[in-house]
Amino acid sequence: MLRWRVLAIGAAGLLVIAAVVAAIGVSGARASRSGAVTSVLLLSVDGLHQRDLAWYVRSHPDSALAALVRGGTEYTAASTPVPSDSFPGTVGQLTGGDPSVTGIYYDDSFNHDLLPAGTTSCAGAKPGAEIDFTEDLDRDKTAIDAGQGLAGLPEGVLAMTATPGTLINPAALPVDPATCKPVYPHAYLRVNTVFDVASQAGLRTGWSDKHPAYDILNGTSGDGVRDLFTPEINSRVPGGPADGDWTTDNASTQRYDSYKVRAVLNEIDGYDHARTTKVGIPAIFGMNFQAVSTAQKLPGSDGLPGGYLADGSTPGPLLARALDYVDAQLGALVAELGKNDLDRSTAVILSAKHGQSPIEPAALTRIDDKPLVHGLDAQWAATHPGAAPLVAQATDDDAIMMWLSDRSAEAAGFAKAYLLGQQGTGTDSNGNPKPFIASGLQTLYAGAEAARYFQAAPNDPAVPDLYGVVQHGVVYTGGRSKIAEHGGADAEDQQVALVVDSPTSAHGQTVDQPVRTTQIAPTILRLLDLDPGALQAVRIEHTAELPHGAPQ
C-alpha cells in the first residue's frame, strides 16, 4: 500500500511542496517496510514542543506529521540539555553529550583559557576569550553565502561550498595559547560526533544548518560531515529592509528553510546538496527548520499575529501556518524517499534543538538586561577601584549567563547579591509596563554553584560563572520585537517533540517515560549497526539509546 501521496503547489516564488498523507494502510505500509536501516534522516524543528506536535496531529489526522507518529515511536516526555540553545541542543543530539562534556554552553559564550580573537603575539597575552560561533564568524555576514561570492543569490545559494569552514574569518576566532593559532568550531568541541563515527566507517554524511559555524559538527576529526550546507540565516534578505534578515519575517524564514529542504531532496536523490555530482544517499543526514521558531518569537508577521492564542496552548495563525509549512516539507522529503525506494531502508527522526518560552502571552515579561550588566560592573568598580570590569561576557535570552573576569568566590557572591537585589519595570506582550523583582530571576547559581549545576569541574574554563533560571515568562530584551525566547531551563524551553520512525520497528508506539535528546546520537548509530560506544560522550555520560528506538 502507498503510505504517502504528494501534491506540488507553488508559493512565494519557490517550489513549496505540500504533502497529503494517505490516511489508510499505515499498518500494511509498515509491514512492507521491514529491512535493514542504511540511512537515518534527522529533522530538527526549532521550537517544536511536544504539545505542538500533539495539537497538530489531533487537528490534522491526515497530515505528514500524523503519519510519522502513527508509523513510529513517539516520546512524549523528551527534554533537551540546559542551556536550551541551538548549539548545545544540536551538539547534544549528535554527540550524546551535555555541555559539561562537550564544552558547548551556547553559540556565544566565553573561555577563560583561550586568547581573544585577533591575538597574534601570544607570549604573555592575557587569557580569556569570547567564543562567538554565530554569523559574526562569516567572511560576509550580510550575504546568504557568507561571502563565498556566488552569482544569482539567493537562489544560487545551493552552489555554496560543502566545506563552510573555509568561509570563516580566522581573525574572528579565539586563539589557542599553546599554538598561537585560531581555534575553529570543530576543534573547540571536546568530543566526536555521529558524523565522525560514520565517516570513519566509510559512510557518507550530510547536514544543513544556519551558519558556517556549524563546522562544529565536523567533530574532532575535522571532516565528519562530508556535505555541510550552511546558508547564513542572519544575512540580509534581497529586497528586504537593510536591518532585516531571514528571521524578521516568517515568510522569509520559510523561503530560507526551503533552500535547505532542496539540499536534502538532492541528497535523497543521490546527489551532493548542490545537485552537481552523483555521490549516493548519506548514511546520516538532515537539516534544521527555523520557521516554527520565528513564528513563536515574532509578535506578528505577514499580517498574522505570532505566538499562541490567549489560552496559552493553541498555536495562533502565524504559528499554525508555520506548522503547516513544516508538515508539507516533511511530506515532500518522505515522498522523495519513497520515489527512490529508500523508505524501506531509511529511519526518520523528528525532534528539536530547543523549545520556546513563554507559550502563554499573559506570562511574558520583557526585561532590558543591559542596565543590569552595566549596573553590576558599575557597583563592582565603585567597591573595587582599579579592578577590571567584572562581567567578561554576558549572554542573556531567557536565562542569565555570565562569565566573570574575577572567578573568586567573593566576586561570584558579589554578582549574585547584586542581581538578586535588582527590581524595575519591564513590558508585557502588549508593550505595557510590567514590574519585576530579583532581575527576573527565580534562582541564580554563582561560582562553584554554577559548576555543580552543570556537573562541571569548578575550574572548567568554559562553564558559566553565573547561571540564572528566570521566573516563568521572563525574556531579556530591550525592545519589543519578540514575545518568546529560548536558552533557559524553563520546562517550555526543554520539553520538545521526539519521534523515531524506523522501518525495523513496530508502528504506533508511545513512550511516556522521560528521555533526553542526547539519546538520539547513540540511537542513530545503533540503527546503522554502528557501535554507540564509539561516541566519546556516550562513554563518559553512559548515554543510553532511546527505548524502543532501535532494533531489539
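Structural notes, computed from the coordinates.

The rules behind these values
- Residues numbered from 1 in each chain as written.
- Predicted model: local features only at pLDDT ≥ 70, side-chain atom pairs only at ≥ 80, totals over all residues.
- Heavy atoms only, no water.
- Core = buried A, V, L, I, M, F, W, Y, C linked by side-chain atoms within 4.5 Å.
- Buried < 20%, exposed > 50% of the residue type's maximum accessible area, 1.4 Å probe, protein only.
- Helix = DSSP H or I, 4+ residues; strand = E, 2+ residues; numbered from the N terminus.
- Contact = heavy atoms within 4.5 Å.
- Salt bridge = Lys/Arg side-chain N within 4 Å of Asp/Glu carboxyl O.
- Pairing = 2+ DSSP bridges.
- Axes fitted to C-alpha atoms, helices over the stretch in contact; angles between N-to-C directions.
- Polar contact = N/O pair within 3.5 Å; in protein donor to acceptor, adjacent residues only side chain to side chain.
- Phe/Tyr/Trp six-rings, centres within 6.5 Å; stacked < 30°, edge-to-face > 60°.
- 1 Å grid on protein atoms, 1.4 Å probe; cavity = no way out; pocket = protein on both sides within 12 Å on 5 of 7 lines; lining within 4 Å.
- Points joined across faces, edges and corners; volume = space filled by probe spheres on them.
- Nonpolar A, V, L, I, M, F, W, Y, C, P; charged D, E, K, R; others polar.

**As for the nonpolar core**
Buried together is how nonpolar side chains tend to be arranged in soluble globular proteins.
Okay, so step 1: Ile349 and Ile524 are the most contacted members of the largest nonpolar core, which has 65 residues in total.
Okay, so step 2: Residue contributions to this core peak at five residues, all from helix H15 (residues 520-527).
Okay, so step 3: Once you skip the residues sitting within four places of it in the chain, Ile524 turns out to touch Val40, Leu42, Leu94, Ile284 and Ile349.
Okay, so step 4: Counting 41 residues, the second-largest nonpolar core is a separate cluster that includes Leu43, Val261, Val292 and Ile359.

**Some remarks on the pattern of salt bridges**
Okay, so step 1: Taken as a whole and assessed by the stated rule, the structure comprises 15 salt bridges.
Okay, so step 2: As a salt-bridge pair, Asp269 and Arg275 come within 2.9 Å of each other at their nearest N and O atoms.
Okay, so step 3: You can call Arg275 partly exposed: its relative accessible area is 38%.
Okay, so step 4: Glu545 is the salt-bridge partner of Arg526, the closest N and O atoms lying 3.2 Å from each other. One end of the pair, Arg526, is in helix H15; the other, Glu545, is in the segment after helix H16 (536-541), and 19 residues separate them in sequence.
Okay, so step 5: Overall, Arg526 belongs to the partly exposed group, its relative accessible area being 31%.

**Observations regarding the sheet that holds strand E5 (residues 78-79)**
Okay, so step 1: Strand order in this open sheet of three strands is E24-E5-E27, and the pairing throughout is mixed. The open sheet has two free edges, formed respectively by strand E24 (495-496) and strand E27 (515-516), since each of these has just one partner strand.
Okay, so step 2: Bridge analysis of E5 against E24 gives two bridges, and the strand direction is antiparallel. Bridge assignment links Ser79 to a residue of E24, and that residue is Gln495.

**Thoughts on the sheet that holds strand E18 (residues 399-404)**
Okay, so step 1: The sheet built from four strands is open, its strands ordered E17-E18-E22-E21 with antiparallel pairing. The open sheet has two free edges, formed respectively by strand E17 (391-396) and strand E21 (441-446), since each of these has just one partner strand. Pairwise comparison of adjacent strand axes, ignoring direction, gives a mean angle of 15° for this sheet.
Okay, so step 2: Where E21 and strand E22 (residues 466-470) come together, five bridges link them in antiparallel fashion. Within the sheet, the bridge partner assigned to Thr443 lies in E22 and is Val469.
Okay, so step 3: Its contacts with the sheet place helix H11 (residues 370-383) against E17 and E18, and it is angled at close to 160° to E17.
Okay, so step 4: Against the sheet, helix H12 (residues 409-420) engages E18, E21 and E22, with an angle of about 170° to E21.

**Brief notes about the side chain of His186**
Okay, so step 1: Tracing the backbone shows His186 in helix H6 (residues 185-188).
Okay, so step 2: We classify His186 as buried; its relative accessible area is 19%.
Okay, so step 3: Within the structure, His186 has its side chain in polar contact with the side chain of Asp215 (distance 3.0 Å).
Okay, so step 4: Beyond its immediate stretch of four places on either side in the chain, His186 contacts Asp215, Ile216, Asn218, Gly219, Thr220 and Gly222.

**A closer look at the packing of aromatic side chains**
Okay, so step 1: With the rule as written, the count across this model stands at 14 aromatic pairs.
Okay, so step 2: With a centroid separation of 5.2 Å and 75° between ring planes, the pair formed by Trp380 and Phe414 is classed as edge-to-face. Of this pair, Trp380 sits in helix H11 while Phe414 is found in helix H12, placing the two residues 34 residues apart along the sequence. In terms of burial, Trp380 and Phe414 fall into one category: buried.
Okay, so step 3: Grouped by ring-pair contacts, the aromatic residues Tyr105, Tyr445, Tyr453, Phe454 and Tyr467 constitute a single cluster.

**A few points about the layout of surface pockets**
Gaps left between atoms show up when a probe the size of a water molecule is rolled over them.
Okay, so step 1: If you add up the space inside the largest pocket, you get close to 1100 Å³.
Okay, so step 2: Every residue lining the largest pocket is counted, 38 residues in all, and those nearest its centre are Asn234, Lys297, Asp397, Lys482 and Glu485.
Okay, so step 3: Only helix H9 (291-297), H11 and E17 provide two or more residues apiece to the lining of the largest pocket.
Okay, so step 4: No other element matches the four residues that E17 contributes to the lining of the largest pocket.
Okay, so step 5: Considering only residue class, the lining of the largest pocket consists of seven nonpolar, 15 polar and 16 charged.

**A word on helix H3 (residues 64-71)**
Okay, so step 1: Burial of H3 is extensive: seven of the eight residues sit out of reach of the surface.
Okay, so step 2: Along H3, the positions that sit buried rather than exposed are Ala64, Leu65, Ala66, Ala67, Leu68, Val69 and Gly71.

**Here's the deal with the pairing of strand E20 (residues 433-436)**
Okay, so step 1: One ladder, built from four bridges, connects strand E19 (residues 424-427) with E20; its direction is antiparallel. Among the inter-strand pairings, Gly426 is bridged to a residue of E20, identified as Lys434.
Okay, so step 2: Hairpin geometry of E19 and E20 is characterised by an intervening segment of five residues between the two adjacent antiparallel strands and by a positive phi of about 85° at Gly431.

**Brief notes about unusual backbone geometry**
Okay, so step 1: A cis amide bond, omega 5°, links Leu153 with the succeeding residue Pro154.
Okay, so step 2: Turning to its location among the elements, Pro154 is positioned in the loop between strand E7 (129-132) and strand E8 (175-176).
Okay, so step 3: Cis rather than trans, the peptide bond between Ser357 and Pro358 has omega equal to -5°.
Okay, so step 4: As for its position among the elements, Pro358 is in the loop between strand E15 (346-351) and strand E16 (365-367).
Okay, so step 5: Of note, the phi angle at Cys180 is positive, near 60°, even though the residue is not glycine.
Okay, so step 6: Position of Cys180 among the secondary structure elements: in the loop between E8 and strand E9 (181-182).
Okay, so step 7: The partly exposed category is assigned to Cys180, whose relative accessible area is 28%.
Okay, so step 8: You will see that His542, though not glycine, has its phi angle at about 55°, which is positive.
Okay, so step 9: Within the secondary structure layout, His542 lies in the segment after H16.

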